[in-house]
Amino acid sequence: MSNNYHFDTLKIRAGYDSKEHNNSTQVPIYQTAAFDLLSTDRAQRIVNSEEQGYLYSRVQNPTIAALEGRIAALEGAVGAVAVASGMAAVSYALLNAGEGGRVIVAAQVYGGTYDAYKKIYPKLGVQIDIVENVNNLDAIRALIKKDTRAILIESVSNPLNAVADIEAIARLAHEYGVALIVDNTIATPYLLRPFEYGADVVVYSATKALSGHGSAIGGLILESGKFDWSAGRHPQFSEKVYTLGDRSFLEAFPDFPFLARARTIYVRLLGAALSPFNAYLILQGIETLSERVKKQSESALKIAVFLSTHSKVAWVSHSSLEGNKYKALADKYLPKGIGGVFSFGFKGSEEETNRFIEALQLFSYQANIGDAHSLVVNPARTTHRELNEREQLAIDLKLETVRLSIGLEDVEDLIDDLKQAFDKL
Ligand SMILES: *Cc1c(COP(=O)(O)O)cnc(C)c1O
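In this report, we go over the structure that sits alongside the text. (Residues numbered from 1 in each chain as written. Predicted model: local features only at pLDDT ≥ 70, side-chain atom pairs only at ≥ 80, totals over all residues. Heavy atoms only, no water.)

### Some points on the sheet that holds strand β4 (residues 148-154)
- Taken together, seven strands build an open sheet; the order of strands is β1-β7-β6-β5-β4-β2-β3 and the sheet is mixed. Two strands close off the open sheet at either side, each with one partner strand: β1 (79-83) and β3 (127-131). On average, each strand axis in the sheet is inclined to that of its neighbour by 20°, with strand direction left out of account.
- Bridging between strand β6 (residues 201-205) and strand β7 (residues 219-223) involves five bridges; their strand directions are antiparallel. From the neighbouring strand, V203 faces β7, where its bridge partner is I221.
- Running at roughly 130° to β1, helix α3 (residues 62-75) makes contact with β1, β6 and β7 of the sheet. (Pairing = 2+ DSSP bridges. Helix = DSSP H or I, 4+ residues; strand = E, 2+ residues; numbered from the N terminus. Axes fitted to C-alpha atoms, helices over the stretch in contact; angles between N-to-C directions. Contact = heavy atoms within 4.5 Å.)

See the structure below:
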């Protein structure tokens, strides 16, 4: 199918041709571990990457391929690799780019991502340099060393809505031949497409707003196709590989070396493969991505405005509110809205904050975001508990921070629910 259609057509149709699947209108779930190889010659061509063909579902599967084709079309990528979770997407992308060197990472990120900075990468041979303010270009420049291979940021940070100046960070990274990896989970490609601002790799937790139904865990890695992996900082792409017929990934897959390597080294050997059933569920979610995220953004803004005038609220982190320090960046990068996730500061003790959360009836207390149901959480104690007190304060994450993820319920009912919970205190 042509990728020249608009976003809302691609989100329903890209990556799939019913004629290749017994005319099934829905993407079939290929619930199989392996595929018949048919002849020894064909098997040889497939394992040598001389012919495209399915072999084993840890490496590739037609349901998963449809998801990869669809997200690639939505993002304007040369391709995608689906994995079993957002964490697998972040860590495989970081390791694939950073192997044997250093990666500069933002502090304002999902708690699991931050935890892996300390607990995993240095022990696996990737040194981590943390930048506290993602938009402090001088601080990033000062951290670039001769073996720095990549920078990892979130476009809109979880949970405090810091909006990254992707264009400026990409320009700086490229001055040094460093690759920029952007976690675009909160924005989704409906609100923001980081490749348009110079990102080289985009990752997603597909668990969140991409799916929107909270029924599956999944992740995605995408490549722009524009970054030069042969320029010197990423020797892993130029090494000859026996299984590629003594070619390098750059020689064997010149159009998408990053993805080819992520799939054949990381997904194939570390093994966090997505299940075909979850790929199907994520595809179902993507069909309504624009409609959901548009409504969630609108409701989130209304709720943020309500909260910002409430006497029990100390601050609201919604980045498109007047006076927010990220407002100019939100206007530039997120003109359609900032999505459904933002936080506010409860004016009171932690104990009162907890009582407020428990008094909510419509908002579910859950460590998830992007769902059709509205969700609430105390991130300092749950999703971001991996940061110690000093690290939390460095990114303005306080104990009384309440994170909301606005769902698809009627916005008046959501505001009434917040009101009654405030009143109960
Ligand atoms: C949830 C989340 C992740 C991790 O994704 P999982 O699917 O839960 O593994 C990574 N990045 C961001 C921004 C997230 O919100």
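This is not the end of the story, as more comes after the structure.
### Some remarks on the nonpolar core
- Residues I153, I221 and L222 are the most contacted members of the largest nonpolar core, which totals 113 residues.
- Of all the elements, helix α4 (residues 86-98) adds the most residues to this core, at eight residues.
- Structurally, this core is a two-domain feature, drawing no fewer than three residues from each of domain 1 (7-285) and domain 2 (289-423).
- When near neighbours in sequence (up to four residues on either side) are disregarded, I221 contacts G79, A80, V81, A89, Y92, A93, V201, V202, V203, F258, L259 and A262.
- Judged by nonpolar contacts, the second largest core, of 26 residues, contains A304, V376, L404 and L414. (Core = buried A, V, L, I, M, F, W, Y, C linked by side-chain atoms within 4.5 Å. Buried < 20%, exposed > 50% of the residue type's maximum accessible area, 1.4 Å probe, protein only. Domains from an automatic or database assignment.)

### Digging into the packing of aromatic side chains
- All told, the structure shown has 16 aromatic pairs when counted by the stated rule.
- Seen from their ring centres, F7 and Y190 are 6.2 Å apart, and the 55° between their planes marks the pair as tilted. Placement of the pair is F7 in helix α1 (residues 7-13) and Y190 in helix α8 (residues 188-191), with a sequence separation of 183 residues. The two residues F7 and Y190 agree in class, both being buried.
- A ring pair is formed by F249 and F253, whose centres lie 6.1 Å apart and whose planes are at 25°; its orientation type is stacked. Taken as a pair, F249 and F253 share a single burial class, namely buried.
- Site record: aromatic cluster; members linked through ring pairs are F227, W229, F237 and F258.
- The aromatic ring of F237 is capped on one face by R261, whose charged end is 5.5 Å from the ring centroid.
- Just above the ring of Y190 sits the side chain of K336; from NZ or CZ to the centre is 4.1 Å. (Phe/Tyr/Trp six-rings, centres within 6.5 Å; stacked < 30°, edge-to-face > 60°. Lys NZ or Arg CZ within 6 Å of the ring centre and 35° of its normal.)

### Considering the pattern of salt bridges
- For the structure shown, the criterion picks out 23 salt bridges.
- K11 serves as the salt-bridge partner of E291, at 3.2 Å between the closest nitrogen and oxygen. With E291 in helix α12 (residues 289-308) and K11 in helix α1, this residue pair connects regions lying 280 residues apart in the sequence.
- Taking the shortest distance from any N to any O, the salt bridge between K19 and D17 comes out at 3.7 Å.
- In this structure K19 comes out as exposed when scored by relative accessible area, which is 67%.
- Here D17 falls in the partly exposed class, since its relative accessible area comes to 28%.
- The network of salt bridges with shared partners includes D8, K11 and E291. (Salt bridge = Lys/Arg side-chain N within 4 Å of Asp/Glu carboxyl O.)

### Some details on helix α14 (residues 350-359)
- Residues of α14 that are buried: T353, F356, I357 and A359. One side of α14 holds all its buried residues, which, seen down the axis, span an arc of 165°.
- Along its buried surface, α14 packs onto β9 (341-346), β10 (364-365), β11 (375-377), β12 (401-405) and α16 (411-424). (Arc of directions from axis to C-beta.)

Worth remembering: the numbers are spatial, not functional.
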